[in-house]
Amino acid sequence: MKIPEHPIFLESVNYIRSNLGFTGLDQVQQSILERIIHSSGDFSLQSCLRFSHSACEDAINALQNGAKILTDTYMAEAAISPMAKRTLNSDIQCILGMAPITLESTLTTKSAIGMRNIWLDFEQKENLLNAPLVVIGSSPTALISLLDLVESGHTRPSLIVGMPVGFIGVSESKSRLLNSDCPYIVLEGSKGGASLAAATTNALLRAAEN
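Everything numeric here is computed off the predicted structure, so don't read it as measured data.

Quick word on the state of the cysteines
Tallied over the entire structure, the rule returns zero disulfides. C56 provides the cysteine sulfur closest to C48, a residue in no disulfide bond, and the two sulfurs are 17 Å apart. On the accessibility criterion, C48 (15% relative accessible area) is buried. No disulfide involves C94; its sulfur sits 20 Å from that of C182, the nearest cysteine.

Shown next, in the form of structure tokens:
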């Protein structure tokens, strides 16, 4: 049975919608925009949000066919899990579970290694015709690690939610994603975070349920 949204959330969405006016977005894109504004309180995110062609439709199809969701932080995993359980019961996994306990070099990060390890592990053990959705809300190095793999011939994800937050390497990683062959939903610039990446994924889960 579909669980309805909380009345306070719906009231907030109506307020957001009335202040946004016409956006030119389709229904799913609009729901993503509304959820990230609701999560941030920041109407300026509208100007930063970018979608690749058919990104939402392809992601919804992948979710409906059992695609897993990979996150770069346990915070994003925790924020998506309740919606996943209420909708499609999608499997969610954080890449940090495949990261080393300690680093042998300062030239990389645990997130970058975790992303590489988990992607190669999926390719060996699972059928990646329905590849996972990858949700990045914190680590630009995890995003770069994944793009390196794809560009070297490894499996493309069904979608990359590219919303790492911060300043060092963040805009550069997003620009690389925007210029890649990967399907994406991106917040350009320095804005992002686990809550916004999770809100985007939750909107897709709701749409996939419908």
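Notes on the pairing of strand β4 (residues 133–136)
The alternating pattern of β4 places L133 and V135 and V134 and I136 on opposite faces, both of which are buried. In terms of strand pairing, strand β2 (residues 69–71) meets β4 through three bridges, oriented parallel. Each residue of the ladder has a partner; that of I69, found in β4, is L133. Where β4 lies against strand β5 (residues 159–162), four bridges are found, and the strand directions are parallel. Considered in β5, the bridge of L133 is made with L159.

What about unusual backbone geometry?
Here the phi dihedral of S54 falls at roughly 60°; this positive angle occurs in a residue that is not glycine. Topologically, S54 is positioned in the loop between β1 (49–51) and α3 (55–64). Phi is positive for N89, which is not a glycine, with a value near 60°. Among the secondary structure elements, N89 is positioned in the loop between α4 (74–86) and β3 (92–94). Note on N89: relative accessible area 58%, which makes it exposed.

What to know about the pattern of salt bridges
Note on pairing: side chains with opposite charge can pair once their charged atoms come close. Throughout the structure, instances matching the rule amount to 10 salt bridges. One salt bridge connects E5 with R35, and the closest N-O pair in it is separated by 2.3 Å. In this pair, E5 sits in the segment before α1 (7–20) while R35 sits in helix α2 (residues 27–40), placing the two residues 30 residues apart along the sequence. One network of salt bridges, in which partners are shared, links E5, R35, R206 and E209.

What to know about helix α5 (residues 110–125)
Here α5 is 16 residues long and its end C-alpha atoms lie 22 Å apart, about the 22 Å a rise of 1.5 Å per residue gives. Within α5, burial applies to S111, A112, G114, M115, I118, W119 and F122. Looking down the long axis of α5, one finds its buried residues gathered within 165° of arc, a one-sided arrangement. Structural note: α5 exposes Q124 and K125 on the side pointing more than 90 degrees away from its buried face. Looking at the packing, one finds that the buried side of α5 touches β2, β3, β4 and α6 (140–151).

Conventions we followed
- Residues numbered from 1 in each chain as written.
- Predicted model: local features only at pLDDT ≥ 70, side-chain atom pairs only at ≥ 80, totals over all residues.
- Heavy atoms only, no water.
- Disulfide = S-S within 2.5 Å.
- Buried < 20%, exposed > 50% of the residue type's maximum accessible area, 1.4 Å probe, protein only.
- Helix = DSSP H or I, 4+ residues; strand = E, 2+ residues; numbered from the N terminus.
- Pairing = 2+ DSSP bridges.
- Salt bridge = Lys/Arg side-chain N within 4 Å of Asp/Glu carboxyl O.
- Expected span 1.5 Å × (residues − 1).
- Arc of directions from axis to C-beta.
- Contact = heavy atoms within 4.5 Å.

Worth remembering: the numbers are spatial, not functional.
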